[in-house]
Amino acid sequence: QADDKGETHAVYRLASVGYYGYWEDLGDQDTAVSLIREAHQRGAVGTEIAPYIRWIGRSFEREGQYEKAAPLLKEAAEMGDLEAMLVLGKMYLYGDGVAASNDTAAYWILKSAQAGNAAAYYDAGVLYQYGWGVEKDWAKARSWYQKALDSNDSAGKSQAQRALDEMDAAQA
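Since the model is a prediction, treat every value here as computed from it, not as a measurement.

### Observations concerning the overall build of the protein
The helix and strand tally for the protein stands at nine helices and zero strands. Its helices and strands taken in sequence order, the protein reads α-α-α-α-α-α-α-α-α from the N to the C terminus. Among the 172 residues that make up the protein, the fraction classed as buried is 47%. Long-range contacts, defined here as pairs at least 24 residues apart, represent 47% of the contacts in the protein between residues at least 6 apart. Carbon and sulfur atoms form 46% of the exposed surface of the protein, whose accessible area is close to 9,000 Å².

### Some remarks on the packing of aromatic side chains
Under the counting rule described, the total for this entry stands at five aromatic pairs. Here the aromatic rings of Tyr130 and Trp132 are separated by 5.0 Å at their centres, their planes lie at 20°, and the arrangement is stacked.

### Observations regarding the confidence of the model for the protein
Looking at the protein as a whole, its pLDDT mean stands at 84, while 76% of the residues score no less than 70. Of all the helices and strands in the protein, helix 1 (residues 8-19) carries the lowest mean pLDDT, 54, while helix 6 (residues 102-114) carries the highest, 98. pLDDT under 50 marks residues 1-5. Its contacts with residues more than four places away, or in other chains, come to seven contacts. Here residues 21-26 scores under 50 on pLDDT; set against residues more than four positions off or in separate chains, the count is nine contacts.

### Quick word on the nonpolar core
Judged by nonpolar contacts, the single largest core of 47 residues is most densely connected at Leu110 and Tyr145. Mapped onto this core, the elements with two or more residues apiece are helix 2 (29-41), helix 3 (46-62), helix 4 (66-78), helix 5 (82-94), helix 6, helix 7 (121-130), helix 8 (138-150) and helix 9 (154-171).

### Overview of helix 4
The first and last C-alpha atoms of helix 4 sit 18 Å apart over 13 residues, in line with the 18 Å expected at 1.5 Å per residue. For helix 4, every residue scored as buried is listed here: Ala69, Ala70, Leu72, Leu73, Glu75, Ala76 and Ala77.

Analysis parameters
Position numbers for residues start from 1 in each chain and track the written sequence from start to end. Selection of residues for local features in this predicted model requires a pLDDT of at least 70, selection of side-chain atom pairs for listing and counting requires 80 or more, and totals for whole chains, interfaces and linings are taken over all residues. Side-chain descriptors were evaluated using all non-hydrogen atoms of the structure, hydrogens and water having been removed beforehand. Elements are defined by DSSP. Helices are runs of H or I of four residues or more, strands are runs of E of two residues or more, and each kind is numbered from the N terminus. Three labels apply to residues, based on accessible area from a 1.4 Å probe with only protein chains included: buried if under 20% of the type maximum, exposed if over 50%, partly exposed otherwise in between. Residues are treated as being in contact if the distance between any of their heavy atoms lies within 4.5 Å. The method behind every accessible area is Shrake-Rupley, applied with a 1.4 Å probe, and residues are considered shielded solely by the protein chains displayed. Note on ring pairs: Phe, Tyr and Trp rings are taken, using the six-membered ring of Trp, and paired if centres are within 6.5 Å. Classes follow the plane angle, with under 30 degrees stacked, over 60 edge-to-face and the rest tilted. pLDDT is defined as a per-residue confidence score from the predictor, taking values between 0 and 100. Among buried residues, the Ala, Val, Leu, Ile, Met, Phe, Trp, Tyr and Cys ones that are joined through side-chain atoms within 4.5 Å form a nonpolar core. For a helix, the expected span equals 1.5 Å multiplied by the residue count minus one.

Here's what the structure looks like:
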């Protein structure tokens, strides 16, 4: 009823209910995305709806349906969703559902890291360590790895420590 009255938040809440399978078409992501986009057209701010779009994109990505995931993750990333930026960047790095492009991968990964996504710090370091989409720069790589070590991202911390140890061994 709230949707029929044009209430913006009702539309994307309805979309999330549909996505999680609480209506007849269980897990109908296409309908959920349509409703989310309608909420955006009605005035919902991108930062409010981007997580919903990311969740649907991530569900496709986790299922290996990269061609369906990529446009949704890009849409969420363009709305400012930091996790979507990181995941999309990795998809470009590995060519999952998109044409592989180190430059595009670096754009999205660095945008996520520079905006404060601790999960992206290690990946930003990798870009600089190997020169993928950026000029190879071990000082910048070390800086990003140190940020990962100083963060609360446990996976990034352990990966960053291994990378720093590898760089130290290579310089010895």
